[in-house]
Amino acid sequence: MKENPQMIRLTYREAVREAIREALRKDDRVFLMGEDVGRYGGCFAVSKGLLQEFGPERIRDTPLSESAFVGAGIGAAMGGMRPIVEIMTVNFSLLAADQILNNAATILHMSGGQFNIPLVIRMATGGGRQVAAQHSHSLEGWYAHIPGIKVLTPATLEDARGMLWTALEDPDPVLIFENSNLYNMEGQLPADAGPVDIDRARVRRPGSDVTIITYSASLFKALDAAEILAREGIDAEVIDLRTLRPLDQETFLASVTKTHRAVIVDEGWRSGSISAEIAARIMEGAFYELDAPVERICSVEVPMPYAKHLEQAALPQTETIVTTIKRMMHS
Amino acid sequence: MSPETIIKPTNTETISSQRIVSISRERALHLLYQMIRIRRFEAKSAELYGAMKIRGFLHLYDGEEAVAVGVMEALRPEDAVVATYREHGHALARGIPASAIMAEMYGKQEGCSRGRGGSMHLFDAKTRFYGGNAIVGGGLPLAVGLALADKMQGKRRVTCCFFGDGAVAEGEFHESMNLAALWQLPVLFICENNLYAMGTALRLSQSVTDLAKKAAGYAVAAEAVDGMDVLAVEVAAKKAAEIVRAGEGPYFLECRTYRFRGHSAFDTELYRTKAEVEEWKERDPIKTFIEHLKNQGLVSEMDLNELERKVADEIKEAVDFAEAGTWEPVEDLTRFVYSEWRGV
Ligand SMILES: Cc1ncc(C[n+]2csc(CCOP(=O)(O)OP(=O)(O)O)c2C)c(N)n1
Ligand SMILES: [Mg+2]
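Residues numbered from 1 in each chain as written. Chains lettered and ligands numbered in written order. Predicted model: local features only at pLDDT ≥ 70, side-chain atom pairs only at ≥ 80, totals over all residues. Heavy atoms only, no water.

Let us look at the overall build of chain B. When you go through chain B residue by residue, the secondary structure sums to 11 helices and 8 strands. Relative to its length of 344 residues, chain B is compact, with a C-alpha radius of gyration of 20 Å against a globular reference of 20 Å. Seen along its three principal axes, the alpha-carbon backbone of chain B occupies a region of about 55 × 50 × 50 Å. Out of the 344 residues belonging to chain B, those deemed buried represent 58%. For chain B, the distance from the average position of its 42 positive side-chain charges to the average position of its 50 negative side-chain charges is 2 Å. (Helix = DSSP H or I, 4+ residues; strand = E, 2+ residues; numbered from the N terminus. Rg over C-alpha atoms; globule rule 2.2 N^0.38 Å. Buried < 20%, exposed > 50% of the residue type's maximum accessible area, 1.4 Å probe, protein only. Lys, Arg positive; Asp, Glu negative; His and termini not counted. Charge placed at Lys NZ, Arg CZ, Asp CG, Glu CD.)

Bringing the site of ligand 1 into the picture now. Residue and element names in this part refer to chain B. Around ligand 1 sit 15 residues in total, of which Tyr85, Arg86, Asp165, Gly166 and Asn194 are the nearest. In this structure, an oxygen atom belonging to ligand 1 sits 2.8 Å away from a main-chain N or O atom of Gly166. Summarising the interface, the protein chains cover 73% of the accessible area of ligand 1, which totals 580 Å² for the free molecule. Taken atom by atom, the bulk of ligand 1 overlaps the largest pocket. Class assignment of the residues belonging to the shell around ligand 1 gives a composition of 8 nonpolar, 4 polar and 3 charged. (Near = heavy atom within 4 Å. Polar contact = N/O pair within 3.5 Å; in protein donor to acceptor, adjacent residues only side chain to side chain. Areas by Shrake-Rupley, 256 points an atom, 1.4 Å probe, with all protein chains shown as cover. 1 Å grid on protein atoms, 1.4 Å probe; cavity = no way out; pocket = protein on both sides within 12 Å on 5 of 7 lines; lining within 4 Å. Sits in = over half its atoms within 2 Å of the grid points. Nonpolar A, V, L, I, M, F, W, Y, C, P; charged D, E, K, R; others polar.)

Residues and elements named next belong to chain B. Volume-wise, the largest pocket comes out at about 520 Å³. Every residue lining the largest pocket is counted, 32 residues in all, and those nearest its centre are Tyr85, Arg86, Val136, Met198 and His263. If you list the elements that add at least two residues to the lining of the largest pocket, you get β1 (80-84), α5 (139-152), β3 (159-164) and β5 (196-197). Examining the composition of the lining of the largest pocket, we find that 3 residues originate from one element, β3, more than from any other. Across the lining of the largest pocket, the residue classes tally to 15 nonpolar, 12 polar and 5 charged. (Points joined across faces, edges and corners; volume = space filled by probe spheres on them.)

Now for empty space enclosed by the protein. All names here are of chain A. Counted according to the given criterion, the structure contains 6 cavities of 30 Å³ or more. Computed from the structure, the largest cavity encloses a volume of approximately 80 Å³. What lines the largest cavity is simply Ala133, Ser136, His137, Ser138, Glu267, Gly268, Trp269, Ser299 and Met304. By residue number, the principal contributor to the lining of the largest cavity is strand β13 (residues 262-269), which donates 3 residues. Its residues assigned to classes, the lining of the largest cavity shows 3 nonpolar, 5 polar and 1 charged. Composition of the lining of the largest cavity by domain shows at least three residues from each of domain 1 (2-190) and domain 2 (202-330). Estimated volume of the second largest cavity: approximately 60 Å³. When residues of the lining of the second largest cavity are traced back to their parent elements, those giving at least two are α8 (157-169) and β7 (174-179). (Domains from an automatic or database assignment.)

This model, assessed by the stated rule, comprises 15 aromatic pairs over all chains. With a centroid separation of 5.8 Å and 35° between ring planes, the pair formed by A:Tyr143 and A:Phe177 is classed as tilted. Of this pair, A:Tyr143 sits in helix α7 (residues 140-143) while A:Phe177 sits in strand β7, and the two are 34 residues apart along the sequence. For A:Phe177, a relative accessible area of 0% translates into the label buried. An angle of 75° between the planes, with centres 6.3 Å apart, marks the rings of B:Tyr196 and B:Tyr258 as edge-to-face. Of this pair, B:Tyr196 sits in strand β5 while B:Tyr258 sits in the loop between β8 (251-256) and α9 (274-281), and the two are 62 residues apart along the sequence. Using a relative accessible area of 5% as the deciding quantity, one classes B:Tyr196 as buried. (Phe/Tyr/Trp six-rings, centres within 6.5 Å; stacked < 30°, edge-to-face > 60°.)

Moving on to a nonpolar patch on the surface. Residue and element names in this part refer to chain A. A cluster of nonpolar residues, Leu94, Leu95 and Trp142, forms a patch on the protein surface that exposes about 330 Å² of accessible area. With respect to the element layout, Leu95 can be found in the loop between α4 (90-93) and α5 (97-104). Of the residues examined, Leu95 reaches a relative accessible area of 54% and is grouped as exposed. (Patch = residues over 30% accessible without salt bridge, like charges linked within 9 Å, V, L, I, M, F, W, Y side chains within 5 Å. Salt bridge = Lys/Arg side-chain N within 4 Å of Asp/Glu carboxyl O.)

So, on to the packing of helix α1 (residues 25-50) of chain B against helix α8 (residues 230-245) of chain B. The description of two helices packed together rests on the angle between their axes and the distance between the axes. All names here are of chain B. Packing of α1 against α8 brings their axes to within 11 Å, and their N-to-C directions diverge by 105°. In terms of orientation, α1 lies roughly perpendicular with respect to α8. For the pair α1 and α8, the contacting residues are Arg27, Leu31 and Met35 in the first and Val230, Leu231, Glu234 and Lys238 in the second. Grouping the amino acids of the contact of α1 with α8 by side-chain chemistry returns 4 nonpolar, no polar and 3 charged. (Axes fitted to C-alpha atoms, helices over the stretch in contact; angles between N-to-C directions. Parallel < 35°, antiparallel > 145°, perpendicular 65-115°, else oblique. Contact = heavy atoms within 4.5 Å.)

Time to look at the sheet that holds β8(B). All names here are of chain B. Pairing within the open sheet is parallel, and its 6 strands lie in the order β2-β1-β3-β4-β8-β7. Looking at which strands have only one partner, the edges of the open sheet turn out to be β2 (129-133) and β7 (221-226). In this sheet, neighbouring strand axes are inclined to one another by 15° on average, regardless of whether the strands run parallel or antiparallel. Taken together, the 6 bridges between β7 and β8 define a ladder with parallel strand orientation. Considered in β8, the bridge of Val225 is made with Cys255. Against the sheet, helix α6 (residues 171-182) engages β3, β4 (187-193) and β8, with an angle of about 150° to β4. (Pairing = 2+ DSSP bridges.)

A word on the environment of B:Phe173. Residues and elements named next belong to chain B. Here Phe173 is to be found in helix α6. Sequence separation of Phe173 and Pro141 is 32 residues, and the distance between their C-alpha atoms is 8.1 Å. Among all residues touching Phe173, those that are not within four sequence positions of it are Leu140, Phe163, Ala167, Val168 and Phe252.

Below, the discussion takes up the packing of α5(B) against α6(B). Residues and elements named next belong to chain B. Running from N to C, α5 and α6 point in directions that differ by 15°, and their axes come no closer than 8 Å. Between α5 and α6, the angle falls in the class roughly parallel. The interaxial crossing formed by α5 with α6 has left-handed handedness. Along the contact surface, α5 presents Leu140, Pro141 and Val144, while α6 presents Glu172, Phe173, Ser176, Leu179 and Ala180. Tallied by class, residues from the contact of α5 with α6 come to 6 nonpolar, 1 polar and 1 charged. (Left-handed = near helix turned anticlockwise from the far one by under 90°.)

This part is about the sheet that holds strand β11 (residues 236-240) of chain A. Residues and elements named next belong to chain A. Taken in spatial order, the 5 strands of this open sheet run β9-β11-β10-β13-β14, and their pairing is mixed. In this open sheet, the two strands that pair with only one neighbour each are β9 (202-205) and β14 (295-299). When the angles between neighbouring strand axes are averaged without regard to direction, this sheet yields 25°.

The next thing to look at is the interface of chain A and chain B. Listed by partner, the interface residues are 51 residues for chain A and 41 residues for chain B. Buried surface at the junction of chain A and chain B, summed over both partners, amounts to about 3,700 Å²; 63% is from carbon and sulfur atoms. Ranking the residues of chain A by area buried against chain B places A:His109, A:Met110 and A:Phe115 at the top, with a combined share of 17%. Our enumeration of links across chain A and chain B arrives at 0 salt bridges. (Buried area = accessible area lost by both parts, 1.4 Å probe.)

All names here are of chain B. For α8, which comprises 16 residues, the first-to-last C-alpha distance of 21 Å matches the rise-based estimate of 22 Å (1.5 Å per residue) to within 8%. Three or more residues of α8 are buried, namely Val230, Leu231, Ala232, Val233, Glu234, Ala236, Ala237, Ala240, Ala241, Val244 and Arg245. Tucked into the core, α8 has its buried residues touching α1, α2 (65-72), β4, β7, β8 and α10 (285-295). Where α8 begins, the capping side chain belongs to Asp229, and its oxygen is found 3.0 Å from the backbone nitrogen of Leu231. Following α8 by one or two positions, Gly247 adopts a phi angle in the positive range, close to 85°. (Expected span 1.5 Å × (residues − 1).)

In short, geometric facts, not functional conclusions.
Printed below as a string of structure tokens:
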């Protein structure tokens, strides 16, 4: 098949890298800082080659000091820069949780609006790579609990490429979660792909029978499930939240009002999760539209096991989405 | 539990303490005025706390005034300040109006943080005062970042970061010292060593209690100074700020001082003796400075009376301002969670 000449083929990783490169080119105030972002090329090779292109001042390797370099990002943002701080993975962001929650999220408010923090923090997230409990957390929903920050979860190449610039233009701290299983995902993007909005959910597959609400890597499991269901005559609508805070409830409430059924697929643990939040909002905003109870497919509440079969059993899976929806449709 | 040892105010023998500095009458009166206004402001704050006009936590600075006042003399308007929750003194010395600080503690929208911060979170963009921070050690990385921004933008400015002896035990202290030294950033670290973190004496929390020595491990220039001597602090801070401003990297200045009041209004002071406090009060930075200036014939009783009157007027005005202040409408509750504008 002939490729569209205006389209380029690239991976999610390359899309993120292009976004960073574009930002560094467009704005002198932008710099990238984090562990192994320079000489090593980034622990997921996202920033590979950027050191050679932009030099060590702007592609800044840091010591293993998550709290200090995240805090330094906050300070630099207040001091007139536009830092992109990379934390290797969400698991290590816990060592900087104090800076994120107690400083980044509060200073605008505590200063009565005087000091905003135009900071972007990127980090990898998610399980599924057999790296066991300490390297497999999905805490983006947990961060979405915090007012004062924004939480983005780009799933598509378009969003991986386009969300960063919009996040950098935002006056307030934005956290971008990149599911590490997506970095090798390949696809096509227009050569001139650019910034996208960061506040609206998107309907990735229109449908009329049931709404699947999801985000990040689970989007593709949901889309696969929708294809399988379509063969059986069930037409699922798939919504990609894209942003977990602020949550675009308008889009999913409109969808549920149309389909009268909702399933939430969330790689986070069930208790106190973003899936719980969405279910609650559906109760508040579309209760009388429902033909069936809202269902949730989340990670099983266990520290992520190492063994492959156990790990896969712990994560939301396409089959579970399919069987859950069939049960809903026939009840 | 009773305190085992009295921590005597003798840990200043080996450090620079210089009443030998010659000083003009005008400067002497200025320094004295700054210290007295902080002392009286704190007394008023304590009183208003008792009267329940001020609520929340209240950490007072009595005994430590020479540190904030001496250090601020070394800063310029373009410099930045990052402070702790015990920061009324820093805010006043930096030039935030007493009225705006008092209104903040009342929780009024005329306060320097619109009543969103309170005593521990005084902020002021005009004087580049980046807040009181109530997480021990939490301000150090911010100071490193502000300095990084200056360095990357070629701005010759100093970021001055205050923290207590307790913060030295936090990981953020060590991470920040290392980062500032590694990247040669213009941070002036001011450690206010008042010998206690709440009720835990320094010797019970540090294996090495000579804090300036810790800076050496990060190749940060360091000095300890008698924090009860405003002139000594001023001299040391000016020297340090010059080095930092010249781009020669960060500087660590340990100011050895003592807090006369409890940690906060809730402190019953079980961890130290009255005798120890009394002994340190002999070295009260205001009292000893006045003695010194009188001996030098630089100030008279009349000068002092006039200073006190001026300070009393200022504080009265501040209280009146706070009393007359208004409550932010509850409809505004969720303002300042996100910026009210887009695009930067
Ligand atoms: C991270 C953190 N841990 C504990 C506390 C509770 N706390 C508040 S002040 C304080 C003592 C700090 O002592 P120091 O740094 O010496 O400052 P000082 O109060 O003596 O000025 C403690 C433990 C806190 N605010 N933050
Ligand atoms: Mg202390």
